[in-house]
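# Commentary on secondary and tertiary structure
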Amino acid sequence: MDAPRTPFPYGARLARLRGAMGRAALDALVLTHLPNLRYMTGVSASDGLAVVTAEAATLAVDFRYRTAAEHALAGRQDIALEVIDASFDEWLERHLPGHGVARIGIEAASMTVSRFNRLSTALGASAPFPLERPGPVAALVPTERMVEALRLVKDSAEVAALREAARRLSGVARALPEFARAGRTEQAVAADIDAALRAAGFERPAFETIVASGPNGALPHARPGRRMLQAGDGVVLDFGGVYDGYCVDLTRTLFLGEPEPALRRLFAAVAEAQARALEAVRPGALPSAIDGAARRVLEAHGLGEAFGHATGHGLGLEVHEEPRIGRRLPDRDEAPVEAGMVFTIEPGAYVPGLGGVRIEDDVLVTDEGYEMLTGVPVERPGGRQPGEGSPRGE
Ligand code: ZN
Ligand code: ZN
């Protein structure tokens, strides 16, 4: 039986969003990015929108989501439900001017230019004397990251969901040696992982499961194919699940029998890189410093070029969200990590012709440092070998 779930604090989220809207001098905000819609209302839909003003909030969904939305919003006075049978934009055009609002925020990252132009025109046309009077004419204001900024630090209900999700994902990871055996295809192994995710209570995989064996391991985002796993292979297994709406993500690299020495060295370097990055996780650390801790290890092993992606990414309602744990981007400000953030630490090294290694775990930043949410031992290739250099500090 599942333990009772902590209710998500939608009222508090709405209050924080209104605070941010006030600071941006917005009279209304139209939410169209579906994970943001879910974060604010609890309703998961493949289409829909919400309008938030200082006094009211309305969720608009189509007929398919009526029952789910009614259920999710039952007993809540702070958010109204509209079931739209024609066009969301037509409803929006009628609904927004009715609020007498002047500055209407939209989510720039999730609205097409054509939709923006159409809405702007429609709202301008419905305003009184738009040319003569600069008064309360509705204007669409592109906004960035208004809800995403709230989602960065997880509340206690989210932490509970992510902790439970990671615990279940770790259980799936412990079965990997049973799935990844010589003579089986990558596709068969991926199908086993997906079935295990369902059996562990996940709603769905968080992304297409990666099983990359032998030389395919050199492709960080390889799709599982018909290649048969062979003795001596390294196999990169990267998979995730969605539990109670929240995404977790884990990678292990297993070896079938005795790998060649170059692959063993690759593994040792990546394991050390992950350990150093984890040590750097604490409140106040810059993401680029955490990334740098992993990158320096791989560079010292001559693998700087072989590590071509960021060290980690945020987890939550989306499997890739903020914060990005990577190199500092030249044109962007970098905010330090804070307690309550959840992200992956997943350095890797990919060498064409040889293969690849990636090791990925999920962490929660705490006041003291971090809590490892995933818990699976990192197995060394071929067991512990005499004379094999193990990462410092272990
Ligand atoms: Zn992953
Ligand atoms: Zn990941």
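Preceding block: the structure.
Here's what I pulled together on the structure shown here. Everything quoted here is computed from the prediction, not taken from an experiment.

What counts and how
Residues numbered from 1 in each chain as written. Chains lettered and ligands numbered in written order. Predicted model: local features only at pLDDT ≥ 70, side-chain atom pairs only at ≥ 80, totals over all residues. Heavy atoms only, no water. Core = buried A, V, L, I, M, F, W, Y, C linked by side-chain atoms within 4.5 Å. Buried < 20%, exposed > 50% of the residue type's maximum accessible area, 1.4 Å probe, protein only. Helix = DSSP H or I, 4+ residues; strand = E, 2+ residues; numbered from the N terminus. Contact = heavy atoms within 4.5 Å. Donors = N, O, S within 2.8 Å, 3.2 Å for Na, K, Ca; no water. Tetrahedral: all angles 85-135°; square planar, octahedral: opposite > 155°, others 65-115°. Pairing = 2+ DSSP bridges.

Next up on the list: the nonpolar core. Counting 69 residues, the largest nonpolar core has Leu17, Leu31, Leu59, Ile193, Leu237 and Phe239 as its most contacted members. Counting residues per element, this core draws most heavily on helix H7 (residues 156-174), which supplies 9 residues. Sequence-distant contacts of leucine 59, defined by excluding residues within four places in its chain, comprise Leu37, Thr41, Val43, Leu49, Ala50, Ala69, Leu73, Ile79, Ala80, Leu81 and Glu82. The next biggest cluster of nonpolar side chains, apart from the first, holds 33 residues, and it includes Ala271, Ala293, Ile325 and Ala349.

Looking at the zinc ion (ligand 1), the protein donor atoms are Asp238 (OD), Asp238 (OD), Asp249 (OD) and Glu360 (OE), and they sit 2.0 to 2.6 Å from it. One can describe the site at the zinc ion (ligand 1) as irregular: its 4 donor atoms subtend angles covering 54 to 148 degrees at the metal. One chain supplies every donor to the zinc ion (ligand 1), and in sequence these donors are spaced D-x10-D-x110-E. Between the zinc ion (ligand 1) and the zinc ion (ligand 2), a spacing of 3.1 Å is present, and a bridge between the two is formed by aspartate 249.

Of all 10 residues that make up strand E9 (residues 234-243), 10 are buried, and the element is covered over most of its length. A two-sided burial pattern is seen for E9, the buried positions comprising Gly234, Val236, Asp238, Gly240 and Val242 on one face and Val235, Leu237, Phe239, Gly241 and Tyr243 on the other. In the sheet, strand E7 (residues 204-205) pairs with E9 via 2 bridges, with the strands oriented antiparallel. In the strand pairing of E9, arginine 204 is matched with valine 242. Pairing geometry for strand E8 (residues 210-213) and E9, over 4 bridges, is antiparallel. The partner of valine 211 across the bridge, within E9, is leucine 237. Pairing geometry for E9 and strand E10 (residues 246-255), over 10 bridges, is antiparallel. Bridge pairing links phenylalanine 239 to leucine 250 in E10.

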